[in-house]
Amino acid sequence: MEWRKLLNGNRIRKSETLYVKKQRNEFDKDYERIIYSSSLRRLQDKAQVFPLQENDFTRTRLTHSLEVASLGQSIAWEIGIWLLEEKKIFKDFWQAKELASLVEVTCLVHDLGNPPFGHYGEDIIRSWFQNWFESDTFKEIQKKYIDNGDVPLNNQQMNDFKFFEGNAQAIRILSKLQFLNDEYGANFTLGSLATLMKYPWSSDHEYATSKKKFGYFYSERELFEKLKKEVGIGEQRHPATYLLEAADDIAYLTADIEDGVKKRAVPWEEIYSGTIKKFFGDNYPDHFTKLEEHRLKAIKNKVPNRELVGVQNFKVMAQGIMIEAVIDSFKENYESIMEGSFKGDLLENSSAKQLKEELVNISIEYCYKNTEVLTLELVGDRVLNELLNFFVDAVVKIDKKPKAKLREEKILHLVSANFRHIQTLKEGGPKIEINELSLYMRLLLVTDFISGMTDSYAVNLHQQLSGIKLP
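Now for a quick tour of the structure. (Residues numbered from 1 in each chain as written. Predicted model: local features only at pLDDT ≥ 70, side-chain atom pairs only at ≥ 80, totals over all residues. Heavy atoms only, no water.)

1. Observations regarding the side chain of Thr447
Locating Thr447 in the fold gives a position in helix 22 (residues 439–451). Since its relative accessible area comes to 2%, Thr447 is described here as buried. With residues near it in sequence (within four places) discarded, Thr447 still touches Ile125, Phe129, Phe161, Phe164, Gln169 and Gly452. (Helix = DSSP H or I, 4+ residues; strand = E, 2+ residues; numbered from the N terminus. Buried < 20%, exposed > 50% of the residue type's maximum accessible area, 1.4 Å probe, protein only. Contact = heavy atoms within 4.5 Å.)

2. Concerning empty space enclosed by the protein
For the coordinates displayed, the defined rule picks out one cavity of 30 Å³ or more. For the largest cavity, the calculated volume is near 30 Å³. Looking at the largest cavity, the residues that line it are Val395, Ile398, Leu412, Ile434, Leu437, Arg442 and Leu445. Here the residues of the lining of the largest cavity are counted per class, giving six nonpolar, no polar and one charged. (1 Å grid on protein atoms, 1.4 Å probe; cavity = no way out; pocket = protein on both sides within 12 Å on 5 of 7 lines; lining within 4 Å. Points joined across faces, edges and corners; volume = space filled by probe spheres on them. Nonpolar A, V, L, I, M, F, W, Y, C, P; charged D, E, K, R; others polar.)

3. Digging into the packing of aromatic side chains
Applying the stated criterion to the full structure yields 31 aromatic pairs. Between Phe161 and Tyr440 the ring centres are 5.7 Å apart and the planes differ by 65°, which places this aromatic pair in the edge-to-face class. With Phe161 in helix 8 (residues 155–162) and Tyr440 in helix 22, this residue pair connects regions lying 279 residues apart in the sequence. Of the two residues examined, Phe161 and Tyr440, each falls in the buried class. (Phe/Tyr/Trp six-rings, centres within 6.5 Å; stacked < 30°, edge-to-face > 60°.)

4. Focus: helix 19 (residues 371–395)
Along its 25 residues, helix 19 runs 36 Å from first to last C-alpha, staying within 8% of the 36 Å computed at 1.5 Å per residue. Of all the residues in helix 19, the buried ones are Val373, Leu376, Gly380, Val383, Leu384, Leu387, Leu388, Phe390, Phe391, Val392, Ala394 and Val395. Buried positions along helix 19 lie against helix 6 (118–133), helix 7 (136–147), helix 18 (353–368), helix 20 (407–412), helix 22 and helix 23 (455–465). For helix 19, the N-terminal capping position is held by Asn370, with its side-chain oxygen 3.0 Å away from the main-chain nitrogen of Glu372. (Expected span 1.5 Å × (residues − 1). Polar contact = N/O pair within 3.5 Å; in protein donor to acceptor, adjacent residues only side chain to side chain.)

5. Quick look at unusual backbone geometry
Even without being glycine, Lys88 reaches a positive phi, approximately 60°. Locating Lys88 in the fold gives a position in the loop between helix 4 (61–85) and helix 5 (93–108). For Lys88, a relative accessible area of 62% gives the class exposed. Unusually for a residue other than glycine, Arg264 sits at a positive phi of about 60°. Counting through the fold element by element, Arg264 comes out in the loop between helix 13 (239–262) and helix 14 (268–283).

6. Section: the side chain of Arg442
The topology assignment puts Arg442 in helix 22. It turns out Arg442 is buried and unbridged, and the closest side chain with the opposite charge, Asp150, is 7.0 Å from it. (Lys, Arg positive; Asp, Glu negative; His and termini not counted. Salt bridge = Lys/Arg side-chain N within 4 Å of Asp/Glu carboxyl O.)

7. Some remarks on the pattern of salt bridges
Applying the stated criterion across every chain, the model contains 32 salt bridges. As a salt-bridge pair, Lys87 and Glu335 come within 3.4 Å of each other at their nearest N and O atoms. Of this pair, Lys87 sits in the loop between helix 4 and helix 5 while Glu335 sits in helix 17 (residues 334–339), and the two are 248 residues apart along the sequence. Judged by its relative accessible area of 47%, Glu335 is partly exposed. Residues Glu348 and Lys356 are paired through a salt bridge, measuring 3.3 Å at the closest nitrogen-oxygen approach. Looking at Glu348, the relative accessible area reads 30%, which means it is partly exposed. Judged by relative accessible area, which is 11%, Lys356 ranks as buried. Ionic contacts of the salt-bridge type, sharing partners, join the residues Arg59, Glu67, Glu258, Asp259 and Lys315 into one network.

8. Observations concerning helix 12 (residues 221–230)
Among the residues of helix 12, Leu223, Phe224 and Leu227 are the ones counted as buried. Viewed end-on, helix 12 has its buried residues packed into an arc of 100°, placing them on one side of the element. Turned more than 90 degrees from where helix 12 packs its buried face, Glu222 and Lys229 sit exposed. The inward-facing, buried residues of helix 12 contact helix 9 (166–177) and helix 10 (190–196). (Arc of directions from axis to C-beta.)

9. What to know about the nonpolar core
Within the largest apolar cluster, 143 residues are counted, with the highest numbers of intra-cluster contacts made by Phe129, Phe280, Leu355, Phe391 and Leu443. Not counting residues within four places of it along the chain, the set of residues in contact with Leu443 comprises Phe129, Trp132, Phe133, Leu153, Phe161, Val392 and Val396. (Core = buried A, V, L, I, M, F, W, Y, C linked by side-chain atoms within 4.5 Å.)

10. Considering a negative patch on the surface
A cluster of like negative charges, contributed by Glu78, Glu324, Asp328 and Glu332, occupies part of the molecular surface. The leading source of residues in the negative patch is helix 16 (residues 306–332), at three residues. Residue position: Glu324 is located in helix 16. (Patch = residues over 30% accessible without salt bridge, like charges linked within 9 Å, V, L, I, M, F, W, Y side chains within 5 Å. Areas by Shrake-Rupley, 256 points an atom, 1.4 Å probe, with all protein chains shown as cover. Charge placed at Lys NZ, Arg CZ, Asp CG, Glu CD.)

11. Some points on the environment of Asp328
Of note, Asp328 is situated in helix 16. Considered as a pair, Asp328 and Leu347 are 19 residues apart in the sequence and their alpha carbons are 9.9 Å apart.

12. Let's talk about the packing of helix 13 against helix 16
Relative to each other, helix 13 and helix 16 sit at 165°, their axes nearing to 10 Å. Here helix 16 runs roughly antiparallel to helix 13, going by the angle between their axes. Every pair of crossing elements has a handedness; the one defined by helix 13 and helix 16 is right-handed. Residue-level contacts link Pro239, Leu243, Ala246, Ile250, Ala251, Leu253, Thr254, Ile257, Glu258, Val261 and Lys262 of helix 13 to Glu307, Leu308, Val311, Gln312, Lys315, Ala318, Gln319, Met322, Ile323, Val326 and Phe330 of helix 16. For the contact of helix 13 with helix 16, the residue count by class is 15 nonpolar, three polar and four charged. (Axes fitted to C-alpha atoms, helices over the stretch in contact; angles between N-to-C directions. Parallel < 35°, antiparallel > 145°, perpendicular 65-115°, else oblique. Left-handed = near helix turned anticlockwise from the far one by under 90°.)

Set out below in C-alpha cells:
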C-alpha cells in the first residue's frame, strides 16, 4: 500500500467547495460535514456501557467518540511526524497533518452505525433475522416476491442481516443515509471510508463466517470495489484503521471502569489495593509510585469523591502507557502493516498487552455483568425484537403505493421520510415507488430505521406501538 493513495481526498461526487485553503485538508472537511449532522447527535442517547442514564456523568456513544477522536489524533500526529522526520516517507508537514485529520474524523464517526443498546443491539438484530430466515413466514414471503418478478435473496444479502454489523452500517450512513441533496449522503472522502472499513470483506466471505465481522453490505459493493482500486486496500486494512482501533481500545478500556466507579459498580479501593497494586508494582513500579503519591495527597487534602479522583488519575496513567505502546507497535510492525500481512491489533501486539487484559477483566467482572446493565439490555432485547416484528411484517406486505389507510401502510409511514426517499433514489432522482422496492431493499429500510434509533426513541416508540403509552 502507498500513502499517496491511502490519503485519498477524492469523493464519489466531486466536491463543490468554493474555498480551498492549504491548512484545511479534505479530511478536515469530512469532520466539518459530519459534526453538524443528526447521525452524530443521535449518539448522545446511545449507550456506551450503561443504557438510558439520567445522570450527566456516564459516557454515551457521543462522549466516547469525542474521546476516541482526541486520542486518535494524538497517536496519528506521532506517527505522522515519525514518517516525515525519521522514515522520510511523508514529503512535508501537511501530509502528516492529513494523517492526523484522517484518524481524528474516522474516530469521531466509528460508532455511527451502532444500533440502540450498543453491541447487544447488534446481537439482537442478528438473532432476529437468523430465526426469521429459517421460518415458514419468510419462505412464503420470498415466494410471493419471486412470483412477482423479484430474484431470491442471495447468500450475501441474507448474511448482511444474519451477521448485521454496525461498522458496515456506518459506511452506509456516510455514503447514503446522511441525506443532504442526493444519493451520496455525506459524500465522505474515499480515504475516510476506507479507514472506517475495519473488516474489508463482504458478509459472504469466509472471514465473515469465522469472525462474525464484515465491512460492507451488498448495497455498497460497488463502493468497496472503488475503494479497493483507488485507495489500494484490497482485503487488507488501511494502516490508519489500526490507529483508529487502538484509540478506541484505549478509550473504552479505561473509561468504562471510570463510569463503573461513578455508578458504584466497581469497588475501586478494593481493586486498587489488590489487582492494581500487584500488577503495577510488578510491571510499572515508577508509575505505581506516582499513583501512590496522588492517592496520599488526596487523602491528606481530604479530597471528596476520592475513589473517583483515584480512578481518574489511574485512567490518565494507563492511557499514557498504552499510547506509547501502540505507537511503538506501529513503528515496529510498519513493514508488515503496509504489506497487509500484519495480524491482530496494535495493542495486542504491544508491551501493554497484559495491561489490556487486566483492564478487560475488571470491566467484565464489574461493569458488563452489572445488574442494571443486564436488566436494561434485556429491556432492549424485547424492544428491538418487537420493533422488528412490527416493521418487517408491515414493510414486506406493501404491494401498492401506500396511502396510510391499512395497518402496514400506517407503520411504513412511521419510518423516517428521509430513509424512504433515499431508497427510491438512483442517479440523482426518484426512479421507483416505495412499493416497487425489492425484498432486500425493504429489509434494509427497516434496519436503517431501527439501527438509527436512539435508546430512548426505541423504548418510547415500542411503548406507543404496544399501547402502553400515548404519542
